[in-house]
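A structural walkthrough
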There are 4 protein chains.
Amino acid sequence: MNQQNLKLCSEIIDDKYVKIASNSLNAKEKLFKLLLSQRQLPEEGFDDLTIEYLLNIFATMDTNNFVNKVGVGERESRIFSALVQKRNYYMGHGIGRSGDLIASQPKAAGSSLIAKLTKHLAKDALKLSNYQINELLIVPVATGMAISLCLLALKSLKPQAKYVLWLRIDQKTCLKCIQTANLIPIVIDTVIQDHVITTNLDMLIQKINEIGPDNIACVLSTTSCFAPRIPDNIGEIAKICKQFQIYHVVNNAYGIQCNKIANSINLGLAQGTVSLIVSSTDKNFMVPVGGALIYGNDKKLIKQISELYPGRASAAPILDLFITFLSMGKSGYLQLQKERVENYAYFKEKLQIMTQKISEQILNTPKNSISIGISLQNLKIDQNNSEEKNQITKLGAILYSKKVMGSRVITNKKNKVVCGIEFKNYGSHCDNYFTPYITVACAIGLTKQEIDTFVQEFEKAYTQNT
Amino acid sequence: MNQQNLKLCSEIIDDKYVKIASNSLNAKEKLFKLLLSQRQLPEEGFDDLTIEYLLNIFATMDTNNFVNKVGVGERESRIFSALVQKRNYYMGHGIGRSGDLIASQPKAAGSSLIAKLTKHLAKDALKLSNYQINELLIVPVATGMAISLCLLALKSLKPQAKYVLWLRIDQKTCLKCIQTANLIPIVIDTVIQDHVITTNLDMLIQKINEIGPDNIACVLSTTSCFAPRIPDNIGEIAKICKQFQIYHVVNNAYGIQCNKIANSINLGLAQGTVSLIVSSTDKNFMVPVGGALIYGNDKKLIKQISELYPGRASAAPILDLFITFLSMGKSGYLQLQKERVENYAYFKEKLQIMTQKISEQILNTPKNSISIGISLQNLKIDQNNSEEKNQITKLGAILYSKKVMGSRVITNKKNKVVCGIEFKNYGSHCDNYFTPYITVACAIGLTKQEIDTFVQEFEKAYTQNT
Amino acid sequence: MNQQNLKLCSEIIDDKYVKIASNSLNAKEKLFKLLLSQRQLPEEGFDDLTIEYLLNIFATMDTNNFVNKVGVGERESRIFSALVQKRNYYMGHGIGRSGDLIASQPKAAGSSLIAKLTKHLAKDALKLSNYQINELLIVPVATGMAISLCLLALKSLKPQAKYVLWLRIDQKTCLKCIQTANLIPIVIDTVIQDHVITTNLDMLIQKINEIGPDNIACVLSTTSCFAPRIPDNIGEIAKICKQFQIYHVVNNAYGIQCNKIANSINLGLAQGTVSLIVSSTDKNFMVPVGGALIYGNDKKLIKQISELYPGRASAAPILDLFITFLSMGKSGYLQLQKERVENYAYFKEKLQIMTQKISEQILNTPKNSISIGISLQNLKIDQNNSEEKNQITKLGAILYSKKVMGSRVITNKKNKVVCGIEFKNYGSHCDNYFTPYITVACAIGLTKQEIDTFVQEFEKAYTQNT
Amino acid sequence: MNQQNLKLCSEIIDDKYVKIASNSLNAKEKLFKLLLSQRQLPEEGFDDLTIEYLLNIFATMDTNNFVNKVGVGERESRIFSALVQKRNYYMGHGIGRSGDLIASQPKAAGSSLIAKLTKHLAKDALKLSNYQINELLIVPVATGMAISLCLLALKSLKPQAKYVLWLRIDQKTCLKCIQTANLIPIVIDTVIQDHVITTNLDMLIQKINEIGPDNIACVLSTTSCFAPRIPDNIGEIAKICKQFQIYHVVNNAYGIQCNKIANSINLGLAQGTVSLIVSSTDKNFMVPVGGALIYGNDKKLIKQISELYPGRASAAPILDLFITFLSMGKSGYLQLQKERVENYAYFKEKLQIMTQKISEQILNTPKNSISIGISLQNLKIDQNNSEEKNQITKLGAILYSKKVMGSRVITNKKNKVVCGIEFKNYGSHCDNYFTPYITVACAIGLTKQEIDTFVQEFEKAYTQNT
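Here the structure is a predicted model, which is why all the values come from computation and not from measurement.

Thresholds, definitions, all that
- Residues numbered from 1 in each chain as written.
- Chains lettered and ligands numbered in written order.
- Predicted model: local features only at pLDDT ≥ 70, side-chain atom pairs only at ≥ 80, totals over all residues.
- Heavy atoms only, no water.
- Helix = DSSP H or I, 4+ residues; strand = E, 2+ residues; numbered from the N terminus.
- Contact = heavy atoms within 4.5 Å.
- Areas by Shrake-Rupley, 256 points an atom, 1.4 Å probe, with all protein chains shown as cover.
- Lys, Arg positive; Asp, Glu negative; His and termini not counted.
- Charge placed at Lys NZ, Arg CZ, Asp CG, Glu CD.
- Pairing = 2+ DSSP bridges.
- Axes fitted to C-alpha atoms, helices over the stretch in contact; angles between N-to-C directions.
- Buried < 20%, exposed > 50% of the residue type's maximum accessible area, 1.4 Å probe, protein only.
- Buried area = accessible area lost by both parts, 1.4 Å probe.
- Salt bridge = Lys/Arg side-chain N within 4 Å of Asp/Glu carboxyl O.
- Polar contact = N/O pair within 3.5 Å; in protein donor to acceptor, adjacent residues only side chain to side chain.
- Nonpolar A, V, L, I, M, F, W, Y, C, P; charged D, E, K, R; others polar.
- Least-squares fit on C-alpha atoms with pLDDT ≥ 70 in both.
- Arc of directions from axis to C-beta.
- 1 Å grid on protein atoms, 1.4 Å probe; cavity = no way out; pocket = protein on both sides within 12 Å on 5 of 7 lines; lining within 4 Å.
- Points joined across faces, edges and corners; volume = space filled by probe spheres on them.
- pLDDT = per-residue confidence, 0-100.
- Patch = residues over 30% accessible without salt bridge, like charges linked within 9 Å, V, L, I, M, F, W, Y side chains within 5 Å.
- Phe/Tyr/Trp six-rings, centres within 6.5 Å; stacked < 30°, edge-to-face > 60°.
- Core = buried A, V, L, I, M, F, W, Y, C linked by side-chain atoms within 4.5 Å.

Of the regular secondary structure elements, chain A holds 15 helices and 16 strands. When its C-alpha atoms are laid out on the principal axes, chain A stretches across 85 × 55 × 40 Å. Taking the contacts inside chain A whose residues are at least 6 apart along the sequence as the reference set, 72% of them involve residues at least 24 apart. Carbon and sulfur atoms make up 47% of the accessible area of chain A, which amounts to about 15,900 Å² in all. The centroid of the 53 positive side-chain charges in chain A is displaced by 3 Å from the centroid of its 40 negative side-chain charges.

Here we take up the sheet that holds strand β8 (residues 248–251) of chain A. Residues and elements named next belong to chain A. With mixed pairing, 7 strands are arranged side by side in an open sheet as β2-β10-β9-β8-β7-β3-β4. Sheet topology places β2 (135–139) and β4 (184–188) at the edges, where each strand pairs with a single neighbour. Ignoring which end each strand starts from, the neighbouring axes of this sheet average 20° apart. Examined bridge by bridge, strand β3 (residues 163–167) and β4 share 5 bridges and lie parallel to one another.

Residue and element names in this part refer to chain C. Within the open sheet, the 7 strands sit side by side as β2-β10-β9-β8-β7-β3-β4. Their pairing is mixed. Sheet topology places β2 (135–139) and β4 (184–188) at the edges, where each strand pairs with a single neighbour. Put simply, the sheet's adjacent strands are angled 20° from each other on average, direction ignored. In this sheet, strand β8 (residues 248–251) lies alongside strand β7 (residues 216–222) in parallel orientation, the contact comprising 4 bridges. Looking at the pairing, Val219 lines up with His248 of β8.

All names here are of chain C. Most of β2 sits out of view: 5 of its 5 residues are buried. Residues of β2 alternate between two faces, with Glu135, Leu137 and Val139 on one and Leu136 and Ile138 on the opposite face, all of them buried. Looking at chain direction, β2 and strand β10 (residues 292–296) are connected through 5 bridges and run antiparallel. From the neighbouring strand, Val139 faces β10, where its bridge partner is Ala292.

As a further point, take the interface of chain D and chain A. With 93 residues of chain D in contact, the opposing surface of chain A contributes 93 residues. Buried area between chain D and chain A, both sides added, is near 7,800 Å², and the carbon and sulfur share of it is 61%. Counting every contact that joins chain D to chain A gives 10 salt bridges. For D:Glu74, the salt bridge goes to A:Arg408, with nearest N and O atoms at 3.6 Å.

Tallying the contact residues gives 5 residues for chain A and 5 residues for chain C. Between chain A and chain C the total buried area reaches about 570 Å² when both faces are included, carbon and sulfur atoms providing 79% of it. Where chain A packs against chain C, one counts 0 residue pairs in polar contact (both at pLDDT 80 or more). Classifying every residue of the side of chain A that touches chain C gives 4 nonpolar, no polar and 1 charged.

All names here are of chain A. Under the definition given, this model contains 81 salt bridges over all chains. The closest approach of N and O atoms between Asp100 and Lys303, which form a salt bridge, is 3.6 Å. Residue Asp100 is located in the loop between α4 (82–87) and α5 (109–128), and its partner Lys303 is located in helix α12 (residues 299–308); the two are separated by 203 residues in the primary sequence. Exposure remark for Asp100: the relative accessible area of 10% places this residue in the buried category. Residue Lys303 is classed as partly exposed on the basis of its relative accessible area of 45%. Counted as one network, the salt bridges with shared partners bring together Arg168, Asp170, Asp189 and Asp431.

In this section: the relation of the copies chain A and chain C. Of the transformation placing chain A onto chain C, the axial shift is 0.0 Å and the rotation is 180°, giving an RMSD of 0.0 Å. The operation mapping one copy onto its partner corresponds to a two-fold rotation axis. Residue A:Ala82 of chain A places its C-alpha closer to the rotation axis than any other residue of that unit, at 3.8 Å. Comparing interface residues between copies, 100% of those in chain A also lie at the interface in chain C; the contact surface is shared.

We now examine the relation of the copies chain D and chain A. Mapping chain D onto chain A is achieved by rotating through 180° and translating by 0.0 Å along the same axis, at an RMSD of 0.0 Å. The share of interface residues of chain D whose copies in chain A are also at the interface is 100%, consistent with both copies meeting through the same surface.

Residues and elements named next belong to chain D. Within helix α8 (residues 201–211) the residues assigned to the buried category are Met203, Leu204, Lys207, Ile208 and Ile211. Seen from one end, α8 has its buried residues packed into an arc of 140°, which puts them on one side. In this structure, the buried residues of α8 make contact with β3 (163–167), β4 (184–188), β7 (216–222) and α9 (234–244). Once α8 finishes, Gly212 follows within two positions and takes phi at roughly 95°, a positive value.

Residue and element names in this part refer to chain A. Residue placement: Leu395 occurs in helix α14 (residues 391–401). Here Leu395 falls in the buried class, since its relative accessible area comes to 0%. Leave out the neighbours within four places in its chain, and Leu395 touches Leu376, Leu379, Ile438, Phe458, Ala461, Tyr462 and Asn465.

Attention shifts here to the side chain of D:Gln391. Mapped onto the secondary structure, D:Gln391 falls in helix α14 (residues 391–401). Look past the residues within four positions of D:Gln391 in its chain and what remains in contact with it is D:Asn378, D:Leu379, D:Lys380, D:Asn465 and D:Thr466.

Looking now at empty space enclosed by the protein. Of the pockets and cavities examined, the largest cavity occupies roughly 340 Å³. Along the walls of the largest cavity sit 20 residues, with A:Lys86, B:Lys86, C:Glu52, C:Lys86 and D:Lys86 positioned nearest its centre. Elements with a minimum of two residues in the lining of the largest cavity: α4 of chain A, α4 (82–87) of chain B, α4 (82–87) of chain C together with α4 (82–87) of chain D.

What follows deals with the confidence of the model for chain A. When pLDDT is averaged along chain A, the result is 95; 98% of the residues meet or exceed 70. Both confidence scores are given for the complex: pTM 0.97, ipTM 0.97.

Residue and element names in this part refer to chain B. Here the residue pair Ala227 and Pro228 is connected by a cis peptide bond, since its omega of 5° sits within 30 degrees of zero. Within the fold, Pro228 resides in the loop between β7 (216–222) and α9 (234–244). At Tyr89, a position not held by glycine, the phi torsion is positive, near 50°. Assignment of secondary structure puts Tyr89 in the loop between α4 and α5 (109–128).

A cluster of like positive charges, contributed by A:Lys16, B:Arg97, C:Lys172, C:Lys414 and C:Lys416, occupies part of the molecular surface. Look at A:Lys16 and you get exposed, because its relative accessible area is 53%.

The tally for this structure, following the rule as stated, stands at 50 aromatic pairs over all chains. Cluster of aromatic residues (ring-pair linked, three or more members): A:Phe32, A:Tyr53, B:Phe32 and B:Tyr53.

The subject of this paragraph is the nonpolar core. Core analysis: the biggest nonpolar cluster contains 479 residues, and A:Leu293, A:Phe322, B:Phe322, C:Leu293, C:Phe322, D:Leu293 and D:Phe322 have the highest contact counts within it. Each residue touching C:Phe322, except ones within four places of it in the same chain, is listed here: C:Leu35, C:Leu54, C:Leu55, C:Phe58, C:Ile114, C:Leu117, C:Thr118 and C:Leu121.

This part takes up helix α12 (residues 299–308) of chain B. For α12(B), the full list of buried residues reads B:Leu301, B:Ile302, B:Ile305, B:Ser306 and B:Leu308. Take α12(B) and look down its axis: the buried residues cluster within an arc of 165°, on one side only. Lining the buried residues of α12(B) we find β2 (135–139), α6 (143–157), β9 (276–280) and β10 (292–296) of chain B together with α7 (172–180) of chain C.

Right, let's get into the environment of A:His429. Residue and element names in this part refer to chain A. Mapped onto the fold, His429 is located in the loop between β15 (421–423) and β16 (437–441). With 18 residues separating them in the primary sequence, His429 and Thr447 have C-alpha atoms 28 Å apart. Among residues more than four places away in sequence, those in contact with His429 are Arg168, Ile169, Asp170, Thr190, Ile197, Phe226, Arg229 and Tyr437.

What follows is the structure, encoded as structure tokens:
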């Protein structure tokens, strides 16, 4: 509300009240000024009114909301449903243009500002999480497709290269994103060290030599993974990639929440080659599925991906992220990360006590500070593989029926063909592991109450089962 | 967004786009300027974004939304539930102060502006509906309680007067609002003229003389009513009230939508005494139940009612009305009124054809241009009053089961004690009427489709029944 | 979603998933069952989805949302604006009927259920706060008007009684609600005992004798008040009222949050006459202004008030309360009360330290466990009453400019005519107090951070001023 | 609400009211039953309450909304911001799994149902628009990226093929989506026939022979385009593709709204090869940018694309579409299409009259029934290309300043390199056109008022300029 209108307000209610009220309006403008000039997470999160107020301003800046506008194009962001309009805060033009995913749109200044600002906020969040990177792109596709985009870009830069050296991790998407880009994965199997499943650096070097660096589009490593798999040794891989001048893409799906991974990636960036890092927005920032960050230090390369994207895209994942960053603020974001670290220690402690009671053990994988594995050595798997007699499968089923979501039981006995490649013991990240186990993750947003209930339900289900 | 912030936007996206966008923001400021300066319904209704944008500005002006505010009072509008916050657009201080229902609140400049503006908009709406009045109060209570407030105010001005002369209309609330004010109703029965049930002016004069003007708090007349009752003859009643110097309150619950009633009231205002007129907000302006307008030309008297109200009150009915007025605009409001008049003619025409087919008739009450009565002469009412054999009751039940809402079947045979007074044939507004009948109303917002379906379902139910 | 439809879902997605999902739907039904059968605050608060789901069910039960309904009445709850519709969760029929404020509405089963359930939940909340009452009415008007309704009801039961004996408390609304009911207030002045301002029981008895019990509509006492005024001695007043057979209304505006007041009222109910108690919904349950509870043990009397209310009323205050009760749950409600008690102790402790530094003192009023007074003995009030030189007024202004809301500075020097009665030193609840002071309240929802900031800002403002 | 709970309701309010209310709840179940069993657009659109009710049911079926659930996975759809939660209707799991974009998610039965149903509704919408196809996939990416996905899939099926034969249309995205897939575009220039710019079938055949069918990944044609370009001759192209056994992708971005295009595509499908057709959701169904449909008759091929997509994806575009389809219903959808056809005739008529006045002409391109070109022969373009003196550029600027959005001025004088290819007169779809012109589109949702204003503003701007 401008000065003139505030003056009109003073003719309606007491000028004294208008004065204080205008201070409040000015205070919001100051918050917006900080946001627009510093482009960082606000110190304290905005309240919902402030966020909606800002979104309304931005929506008003989009042409589809102009009073008396005449739209004679084929895309004027006319929205049929009032519910759809409201849930999109009256914005509809999406993001990007034919030239560039992050280009401003002439018809949508407000949406464009949101897109640009969210990028800055995401960069700031990464900085707060100790990532030493200087360029970032938010893509409105999830991690898998984002990696495919990276691979497509690298392929276009190195058209003759057909192979991606892929450090085995048994999540189907990780493999599929190579296939989507019409590249051929070469599996680098893991090695087992005591309880730990980790990167086979020797085999990596051997395969590079075998295939020839010129034929390799990139190495694809992974940091966030289920124990007993631990994050790939990014530092060493990066050095190898640098040595052979090979691109290196890091699948850091949900690793932003973990400082150890940040350090490992920073090491890689500093001492070797880390071309592109990809992270999920939903797993790290508590938004709905739908977005990913692509980041690193190679500004030119990231720009290339941005320019590669053909046409416009949904603004939804970015809008969710924008609202969330404003709502969290710096203090909220750091608090969540702090709580996660505390919860991880708490979870381990509780599991330690419980596993002793049932004569099982926590798998010893300290380098994985998100996921925890618990051995299931005493549970019997029926020889004839009959599911009904399989105590381990039953355990999973009981937990599921108790509304325990996200734990994974690994029985270590399944071979499977994925994307045309046969894997031994698919799901366990290695050909052979000494015990069946169950994994749980201590992810951002998990509560102590959930930990307590899990430990309790697990013990009950386990005991009931033996 | 102020100039400084817009400039910052230009550093983020193309200055050219910011320029046009700022035109849009300015266009909104101009809309707000018109609203704040003219205080009339906008020519064209605002879109929802503009309304929410304005509400967010007003909410920001309320102290409970100040950033870093310290609330050490007992009422700081802290709202527990996010859903409640959102549905109240982050406002919680209500309206009014101890001194006056329409006083501005120091803690709630935004809410106060809404309350004041809505009053102006309601005055404008009345003007558009041809009401020649110059003062108005919106009360966050429905018609019944609003009339009680009027009566309490009149009683305080004339403490010795104990009676209200009430022109019979068989709606319980109309009588109860007298009782609530601790006054005693004197029933002035209606007269029947052909099909029409109307005001008994002779009896009114007689009763005034009988009781004595000094003992009469006021005459309470009614304009909006179910046919065959027609609106009271406000012009003549007003003249009588003027002659005897008696206050005159008009229950105009849903009459704003009808020009004929406006004319009748204007006549009363011009030539006689019409002290206070009361109308429902929900029935006239398509908002949820909860508010009423008290209006007239006696500014002092209306101010008295406003000052009579003790303490604060819910802002909800006013907020609903504010949003609705902005959304309708002048053109929308007039269009709705026009459609109602067209629908009334259409409804009558359709009923004419249908009633001929079934050998019934439309009751001839042209002065009631909202409600229509249809005779039910050929349907049988069982002598023993057994409901099951009663064709008329059955008709009502069939219609209800067909989702026909709001039609009323009057069988003309029930006596009833209401508020301690015994009425003959309660529900029919008179002691005896020549036929049972059913009434329907052509109210604002009714659709042609509903009319068609009603006529069809009625004919079917009637035929099925005989 | 019924069984048949769930089966259809199984033809679209995996039956296994539908099964678990249907467990979740059943779990909601179980929550609703508990709510509908026990009619108490749920142990744990509902999440927002569950609340909105339930509201949608209730909305579907209202006739205005029937598919293909035909509305030919004058009030069909047609809602013009989509925003208004959404913010009212598609309900519009309000509450009540002509006969009774809490009567179910044939056209609005869902709205009626909400009204009835909210009443039960409010009763449960009072029980959780230790109130030993067995009847309650929620009125969609704030405390002041609610007291007026009580007085109107009592007046109708005792038509000859013209007076209300009112124990002085300097809040205008408390006095105005007597006037609104066209009754005459008789002021019973307070007595000062050391720091405490309290009930003058002797004068109360004397006045009863003077005026005569038959002429007294009721005694109106107050429990929640600003220090150094303490809650009226309800126990003793109730005994006196019982002795003289006089109605007794307790203004317990924001006292539900305080156990001491509950005990005092219970004592009154058990040993004497407490006819009606009135409390604000916004001040006790963190909802927007607009509702009040009228409660006690005289079921018949409370029914009378309910039946006195003429016509329908806004459902908004009740809907806000319903959502809030569901959202809080029992655990949330008790937690808020516990925090308030802790905050009160914390606030006092902080103030103790600070007042010593500036040589002022906390007024010693332990019986007021919500409001705290702090002496301002060392600040100078200019003899000529020039505001600019008045250090105390300045203090208030500085605090206000620092966004401190709700503190009240009492300079003890103003006479004022309120509702026709002249009061000495209006605002201080007594004719003469030994020191100017400032009051703050430790109300439900106050945060420790606000306390800290207040203490800090107060000290700064005080020091700056001397 | 199940029977048991409805019975409990009957203990709270009158059983009679509960009975009717339960009819309404049953009526909703019946609507849902129709939706789940027929999987078609409902005859009449659902009201917003019904839509939100259904969404709440679906949300309750997702595990993140289970009461007391314990989430120990890395992705549990925890949502930080209440605003984000609400705008996503409490759903967060997105769509798809690693294996398949349309696979059901064990953690999200509700979201999965929405995804599946929306697919069926989209198929029904296509059927209503006369498309004779039997398989469809909704992808949560816009048209450009959707085409890239198609090309990637085709490339994977024909790894040796490197070229896409692309029928020139001067929209950058159309070309870029080839590049994104790491394929090489071969431009097939247009031919001019009188006013019309159209497909050069001869050159297409010649290039196929030149490059060799085995090296061609596909032909990429376009149907929706700006006049004087007309839709590609899909029938003939399809025949050629069939003859040479080449895949054929049709970019039908906004052609669903036009029956002529449907016929042309049906012809192609029937008589030749149309492998995949891609359309935008926002341009055809009035939702925000973000989704596309990929459809055709080759079920296996479409399944392949679905399985190609790596990992999950945003559900937002699908949710918008689901809500919109339910809200439109069949009648609303057909009505919008009918209005568009009427508007097209109206627009042309108005332009006819106006162009005669200013001695310009409508370009004669009857086969383009969405876009219209108007010659600008009399406006001068400065020889020195100085923008300020260029009347045509000025015309565009004036229109823009009048809030006319979406009209395009083509001056026919710009060469441009796009994706590494140099185009003569880029923007005009051909190397040389006889006149500069301006294009407008008569798209779905355009209003008569916008047409009138455009014609008026255009004439004013044109006249002012000459």
